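Survey of secondary and tertiary structure
If you want the building blocks of each chain, they are given just below.
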Amino acid sequence: YTTLLIHFNCFESDVARFEGFVDYLYSIIKHTNKSADRILRSYACECLHELESWYPGLLFPMLGEDWVVPGIFEEAAPHSTQGLSVGADSLGRLS
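Predicted model only: the values in this text are computed from it and were never measured.

**Side note on the overall build of the protein chain**
Broken down by element type, the protein chain carries four helices and zero strands. Each helix and strand of the protein chain, ordered N terminal to C terminal, gives the series α-α-α-α. At a minimum sequence separation of 6, the contacts of the protein chain that also span at least 24 residues come to 51%. Of the accessible surface of the protein chain, which amounts to about 7100 Å², a share of 60% is contributed by carbon and sulfur atoms.

Structure below.
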């Protein structure tokens, strides 16, 4: 299904279906914690990875509030590298 969405460019032509599929995959990853469902979760991760490779930045809104990207014109000074770090509690949001 992922390949079909990419092939037929549903990102632009059928936005509702595309967003619904991304939301569905994200919910599988977020709510699947049983060891018996590891394969399903793994497939959902692979699908999202494939979609992200075709549409870079697609998953950025799902990262949460703790992810900080410094401004484009800011210089990378030692004190500004703090903006590149990720909150420890955020790492578990997608896993």
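**A look at unusual backbone geometry**
We note that Asn9 has phi near 50°; this positive angle belongs to a residue other than glycine. Here Asn9 shows up in the loop between helix 1 (2-7) and helix 2 (10-13).

**Some points on the confidence of the model for the protein chain**
Looking at the protein chain, the pLDDT average stands at 74 and 66% of residues meet or exceed 70. Counted against residues more than four places away or in other chains, residues 79-95, with its pLDDT under 50, gives 26 contacts.

Conventions used here
- Residues numbered from 1 in each chain as written.
- Predicted model: local features only at pLDDT ≥ 70, side-chain atom pairs only at ≥ 80, totals over all residues.
- Heavy atoms only, no water.
- Helix = DSSP H or I, 4+ residues; strand = E, 2+ residues; numbered from the N terminus.
- Contact = heavy atoms within 4.5 Å.
- Areas by Shrake-Rupley, 256 points an atom, 1.4 Å probe, with all protein chains shown as cover.
- pLDDT = per-residue confidence, 0-100.

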